[in-house]
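Breakdown of the fold
Chain by chain, the residues:
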Amino acid sequence: MRAQPGQRDALIAILAEGTNAMPGCLAYVIAKDKTDPDALWITETWDSAASHKASLSLPAVRAAIARGRPLISGFERFETEPVAGVRTR
């Protein structure tokens, strides 16, 4: 995701607020790009596509999207299929 110039930290704060309780979310990681001061990476792992879709109707998530949208200048989306790893929960 790319933030509007100079707004990355504000966008990170908004995104982090709306992610505390999302049923089915196994991991939600927000990371700063080390070479681009306006870019960030968000990695999400869900137990199902249905859980992810349902999360978009949660009030906290909807509020974070509404507040964050003006700070976003663009994004790319990549979907992967986890095949190995460690679950910590």
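Read on for an overview of the structure. (Residues numbered from 1 in each chain as written. Predicted model: local features only at pLDDT ≥ 70, side-chain atom pairs only at ≥ 80, totals over all residues. Heavy atoms only, no water.)

What about the pattern of salt bridges?
For side chains bearing opposite charge, pairing can occur when the charged atoms are close. The test is simple: Salt bridges are defined as contacts in which a side-chain nitrogen from Lys or Arg sits within 4 Å of a carboxyl oxygen from Asp or Glu. For the purposes of this entry, the term helix denotes a DSSP run of H or I that reaches at least four residues, the term strand denotes a run of E that reaches at least two, and both are numbered from the N terminus. To sort residues, take the accessible area from a 1.4 Å probe on protein chains only and compare it with the maximum for the residue type: under 20% means buried, over 50% means exposed, and anything in between is partly exposed.
As enumerated under the stated definition, the model contains 4 salt bridges in all. Note that Arg 2 and Asp 36 form a salt bridge whose closest N and O atoms lie 2.6 Å from each other. Of the two residues, Arg 2 sits in strand E1 (residues 2-3) while Asp 36 sits in the loop between strand E2 (25-32) and strand E3 (40-46), which places them 34 residues apart along the sequence. Its relative accessible area of 36% is what places Arg 2 among the partly exposed residues. Residue classification places Asp 36 among the buried positions, given a relative accessible area of 18%. For Arg 67, the salt bridge is made with Glu 17, and the minimal N-O distance between the two is 2.7 Å. Residue Arg 67 is located in helix H3 (residues 59-68), and its partner Glu 17 is located in helix H1 (residues 8-17); the two are separated by 50 residues in the primary sequence. The partly exposed category is assigned to Arg 67, whose relative accessible area is 44%. A relative accessible area of 47% places Glu 17 in the partly exposed class.

Focus on the nonpolar core
Selection criterion: Nine residue types can take part in a nonpolar core, namely buried Ala, Val, Leu, Ile, Met, Phe, Trp, Tyr and Cys, and a core is a set of them joined through side-chain atoms within 4.5 Å. Note on contacts: a residue pair qualifies if any of its non-hydrogen atoms lie within 4.5 Å across the two residues.
One finds Ala 3, Leu 11, Ile 12, Ile 14, Leu 15, Leu 40, Ala 64 and Leu 71 forming the largest nonpolar core, which totals 8 residues. Here this core takes 4 residues from H1, the largest share from any one element. The contact partners of Leu 40, leaving out residues within four places of it in the chain, are Met 1, Arg 8, Leu 11, Ile 12, Leu 15, Ile 30, Ala 31, Lys 32 and Asp 33.

A look at the environment of Asp 33
Threshold: For the purposes of these results, a polar contact is taken to be a pair of N or O atoms within 3.5 Å, where, inside protein, one atom must be able to donate a hydrogen and its partner to accept one; residues adjacent in sequence count only when each atom of the pair is a side-chain atom.
For Asp 33, the location among the structural elements is in the loop between E2 and E3. Separated by 52 residues in sequence, Asp 33 and Gly 85 have C-alpha atoms that sit 23 Å apart. Leaving out residues up to four positions away in the same chain, Asp 33 has contacts with Arg 8, Ala 39, Leu 40 and Trp 41. Within polar-contact distance, the side chain of Asp 33 engages the side chain of Trp 41 at 2.9 Å.

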